[in-house]
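Residues per chain are reported as follows:
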Amino acid sequence: QKEVEQNSGPLSVPEGAIASLNCTYSDRGSQSFFWYRQYSGKSPELIMSIYSNGDKEDGRFTAQLNKASQYVSLLIRDSQPSDSATYLCAVNIFGYQFYFGTGTSLTVIP
Amino acid sequence: GAVVSQHPSWVICKSGTSVKIECRSLDFQATTMFWYRQFPKQSLMLMATSNEGSKATYEQGVEKDKFLINHASLTLSTLTVTSAHPEDSSFYICSARSGEYGYTFGSGTRLTVV
């Protein structure tokens, strides 16, 4: 069973809309959760981290965590064409090791 | 913020040769670094965890004799792909835990074996 699962997409939204990305994880011992954005041919860059249940907002991005249901989501408001990328969900269980989802490809249509 | 410098950004090598990739933490000490590999349209797969001053821990299915990892100092970890073959062509990325900065990724190395 995969540790972290994401819908691979592709997900397409019009410019200005809200993009919703979802991620589920299997290990209830998971402690911290991260969303990374990866442009083609580039290394991932951290967008958000979230550690406790609820919502965390940073600019146009909102991360939502529900440990009981074992999912974490990322909302992107007022989507821009520059947001077009692959979004990776990562989960840290114990210690330093990360488990990455397969990523969701997002395309924002001008 | 924390920066991890990774070199080279891309490299082309002949089959059978070895390639070394370096990752340096520029403004913090990284006792642990992680090496990932990413094939096209796939996610990052952890290859090994590199610990300063000790042997690396390899994930299942990763050949330790083929992918040599050295973490000789708190700021430098290297990955050497020995006797490279075309199937080793991939995007290799290092990452380090940077304390208050969380985890920082290097810029990645695109390896092409011809």
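Computed from a predicted model, the values in this text were never measured in an experiment. (Residues numbered from 1 in each chain as written. Chains lettered and ligands numbered in written order. Predicted model: local features only at pLDDT ≥ 70, side-chain atom pairs only at ≥ 80, totals over all residues. Heavy atoms only, no water.)

## Here's the deal with the interface of chain B and chain A
Our working rule: Here a residue-residue contact requires only that any non-hydrogen atoms of the pair lie within 4.5 Å. Accessible area that two parts lose when put together, evaluated with a 1.4 Å probe and summed over both, is termed the buried area. Put simply, a salt bridge is a Lys or Arg side-chain nitrogen that is within 4 Å of an Asp or Glu carboxyl oxygen. Polar contacts here mean pairs of N or O atoms no more than 3.5 Å apart (in protein, one a potential hydrogen donor and the other a potential acceptor; neighbouring residues in sequence count only if both atoms are side-chain atoms). Counting from the N terminus, the helices are the DSSP runs of H or I reaching at least four residues and the strands are the DSSP runs of E reaching at least two. All amino acids are sorted into three groups, where Ala, Val, Leu, Ile, Met, Phe, Trp, Tyr, Cys and Pro are nonpolar, Asp, Glu, Lys and Arg are charged, and the leftover types, Gly among them, are polar.
Across the boundary between the two partners, chain B contributes 17 residues, which contact 16 residues of chain A. The largest contributions to the chain B side of the interface with chain A come from Ser43, Tyr103 and Phe105 of chain B, which together make up 39% of the buried area. At the boundary of chain B and chain A, one finds zero salt bridges. Linking chain B to chain A there are three residue pairs in polar contact (both at pLDDT 80 or more). Taken together, the elements giving at least two residues each to the side of chain B that touches chain A come down to strand E4 (32-38), strand E9 (90-97) and strand E10 (103-105) of chain B. Here the side of chain B that touches chain A takes four residues from E4 of chain B, the largest share from any one element. Classifying every residue of the side of chain B that touches chain A by side-chain character gives eight nonpolar, six polar and three charged.

## Describing the state of the cysteines
Quick reminder of the rule: Any pair of cysteine sulfurs within 2.5 Å is marked as a disulfide. The classification of residues rests on relative accessible area computed with a 1.4 Å probe and restricted to protein chains. Under 20% of the type maximum is buried, over 50% is exposed, and intermediate values are partly exposed.
Under the counting rule described, the total for this entry stands at two disulfides over all chains. Between the sulfur atoms of cysteine 23 of chain A and its disulfide mate cysteine 89 of chain A the distance is 2.1 Å. Handedness of the cysteine 23 of chain A-cysteine 89 of chain A disulfide follows from its S-S torsion of about -70°: it is left-handed. In this pair, cysteine 23 of chain A sits in strand E3 (residues 19-25) while cysteine 89 of chain A sits in strand E9 (residues 85-92), placing the two residues 66 residues apart along the sequence. For the pair formed by cysteine 23 of chain A and cysteine 89 of chain A, the shared burial category is buried. There is a disulfide in this structure between cysteine 23 of chain B and cysteine 94 of chain B, and the S-S distance comes to 1.6 Å. Across the S-S bond of cysteine 23 of chain B and cysteine 94 of chain B the torsion is about -90°, and the bridge reads as left-handed. Of this pair, cysteine 23 of chain B sits in strand E3 (residues 19-25) while cysteine 94 of chain B sits in strand E9, and the two are 71 residues apart along the sequence.

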